[in-house]
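Residues per chain, in single letters:
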Amino acid sequence: MASFEKGDAKRYPLRLKTAVELPLGKDSPYQMSLPPDDKSTNARASRPLAWLRAILVASVALLFVVAAVGFVGFLSQLRGVEVKPARKADGIVVLTGAASRIPDAIELLAAERGKRLLITGVHRATSAKEIARLTPLYSKFFTCCIDLDRSALNTFGNALETRRWAREHNFNSLIVVTSNWHMPRAMAELSHQLPDVALIAFPVMSEKVKNEPWWSSLETARFLFAEYLKYLFALTRMSLDPDTTA
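Residues numbered from 1 in each chain as written. Predicted model: local features only at pLDDT ≥ 70, side-chain atom pairs only at ≥ 80, totals over all residues. Heavy atoms only, no water.

### Concerning the sheet that holds strand β3 (residues 146-149)
The 5 strands are arranged β3-β2-β1-β4-β5 in an open sheet whose pairing can be described as parallel. Only two strands of the sheet have a single neighbouring strand rather than two, namely β3 and β5 (198-204). Adjacent strand axes in the sheet meet at a mean angle of 20° when their direction is disregarded. With 4 bridges joining them, strand β1 (residues 91-95) and strand β4 (residues 173-179) adopt parallel strand pairing. (Pairing = 2+ DSSP bridges. Helix = DSSP H or I, 4+ residues; strand = E, 2+ residues; numbered from the N terminus. Axes fitted to C-alpha atoms, helices over the stretch in contact; angles between N-to-C directions.)

### Thoughts on the side chain of Thr 155
Relative to the elements of secondary structure, Thr 155 occurs in helix α6 (residues 155-168). The class of Thr 155 is buried, set by a relative accessible area of 7%. For Thr 155, the side chain forms a polar contact with the side chain of Arg 185, separated by 3.3 Å. Not counting the four nearest positions on each side in its chain, Thr 155 is found in contact with Leu 95, His 182, Arg 185, Ala 186 and Glu 189. (Buried < 20%, exposed > 50% of the residue type's maximum accessible area, 1.4 Å probe, protein only. Polar contact = N/O pair within 3.5 Å; in protein donor to acceptor, adjacent residues only side chain to side chain. Contact = heavy atoms within 4.5 Å.)

### Some words on the pattern of salt bridges
On inspection of all chains with the given rule, the structure shows 5 salt bridges. For Arg 185, the salt bridge is made with Glu 227, and the minimal N-O distance between the two is 2.8 Å. Of the two residues, Arg 185 is situated in helix α7 (residues 183-193) and Glu 227 in helix α8 (residues 218-240); the sequence distance between them amounts to 42 residues. What makes Arg 185 buried here is its relative accessible area of 14%. Note that Arg 237 is salt-bridged to Glu 189, the shortest N-O span being 2.3 Å. In this pair, Arg 237 is assigned in helix α8 and Glu 189 in helix α7, connecting sequence segments 48 residues apart. (Salt bridge = Lys/Arg side-chain N within 4 Å of Asp/Glu carboxyl O.)

### Looking at the packing of α6 against α7
In contact at an axis separation of 9 Å, α6 and α7 are set at 45° when each is read in the N-to-C sense. Between α6 and α7, the crossing angle belongs to the class labelled oblique. Once α6 is placed against α7, the crossing between them reads as right-handed. Contact residues: Thr 155, Phe 156, Ala 159, Leu 160, Thr 162, Arg 163 and Arg 167 in α6; Arg 185, Ala 186, Glu 189, Leu 190 and Gln 193 in α7. Along the lines of polarity and charge, the residues of the contact of α6 with α7 split into 5 nonpolar, 3 polar and 4 charged. (Parallel < 35°, antiparallel > 145°, perpendicular 65-115°, else oblique. Left-handed = near helix turned anticlockwise from the far one by under 90°. Nonpolar A, V, L, I, M, F, W, Y, C, P; charged D, E, K, R; others polar.)

### As for the packing of aromatic side chains
In this structure the tally under the stated criterion is 4 aromatic pairs. The interplanar angle of 75° and the centroid separation of 5.2 Å between the aromatic rings of Trp 165 and Phe 171 together place this pair among those described as edge-to-face. In this structure, Trp 165 and Phe 171 share a single accessibility class: buried. Between Phe 225 and Tyr 228, the aromatic rings sit 5.8 Å apart at their centres with planes inclined by 50°, giving tilted as the arrangement. Pair noted here: Phe 225 and Tyr 228 are both in helix α8, with a separation of 3 residues, about one helical turn. With relative accessibility at 4%, the residue Tyr 228 sits in the buried group. (Phe/Tyr/Trp six-rings, centres within 6.5 Å; stacked < 30°, edge-to-face > 60°.)

### Overview of α7
Across the 11 residues of α7, 10 count as buried, placing the element largely inside the fold. Among the residues making up α7, those that are buried are Met 183, Pro 184, Arg 185, Ala 186, Met 187, Ala 188, Glu 189, Leu 190, His 192 and Gln 193.

### Some thoughts on the pairing of β4
With 7 of 7 residues buried, β4 lies mostly within the body of the structure. Note that β4 and β5 share 7 bridges and pair parallel. Within β5, the position partnered with Thr 178 by the bridge is Pro 203. With α7 bridging β4 and the parallel β5, this β-α-β connection has right-handed handedness. (Right-handed = clockwise from strand over helix to strand, strands pointing away.)

Set out below in structure tokens:
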């Protein structure tokens, strides 16, 4: 191997500097660059996606738990047996639907549980005589104490017509008659429209909700869950409604 003497430094300054004194710092132009590490770059890019997936999974799980707890709470409001109202009221209102609702409401009127009865949601083509045939023993009440509402098409409409009727007669308390599965939504709608009126629930047992546990019948479970969703929608809508007391 060739060696350089002291005199060679003057004769070959560039060659010596290149050979033994090349700057190899981090910012040096002679620094060799390494190819990027694709694995580390992909790992850094995948971290936000992993966090996003974890957040989505946790949110869905939390939503499922909240919905399940709410559904159980909704079911706990459904009475399994019919219980006569503990006290009288100024009026009685029955929301049409199941066939047994109207006869039960008329029987309450005949027992003097209320002064007047409103049947709300009656089909436009249905006459008072046709309804009276359901309870022939109490047909006389249709000439004095029973009012028919044919304008309401749903539970919200029932509540609006009940408010109008209750204010017209200056009623401060009402017995509400409807199916047990429908009672939570009916009471919520009526309470929203009549916050100053005392409401007494009289749930009627329905064929749609049979005596066996709801979890033993897929059809019953689907029906009740659909009603639960309607109940939640009604609560959400009412929370966004302006004050209805005016």
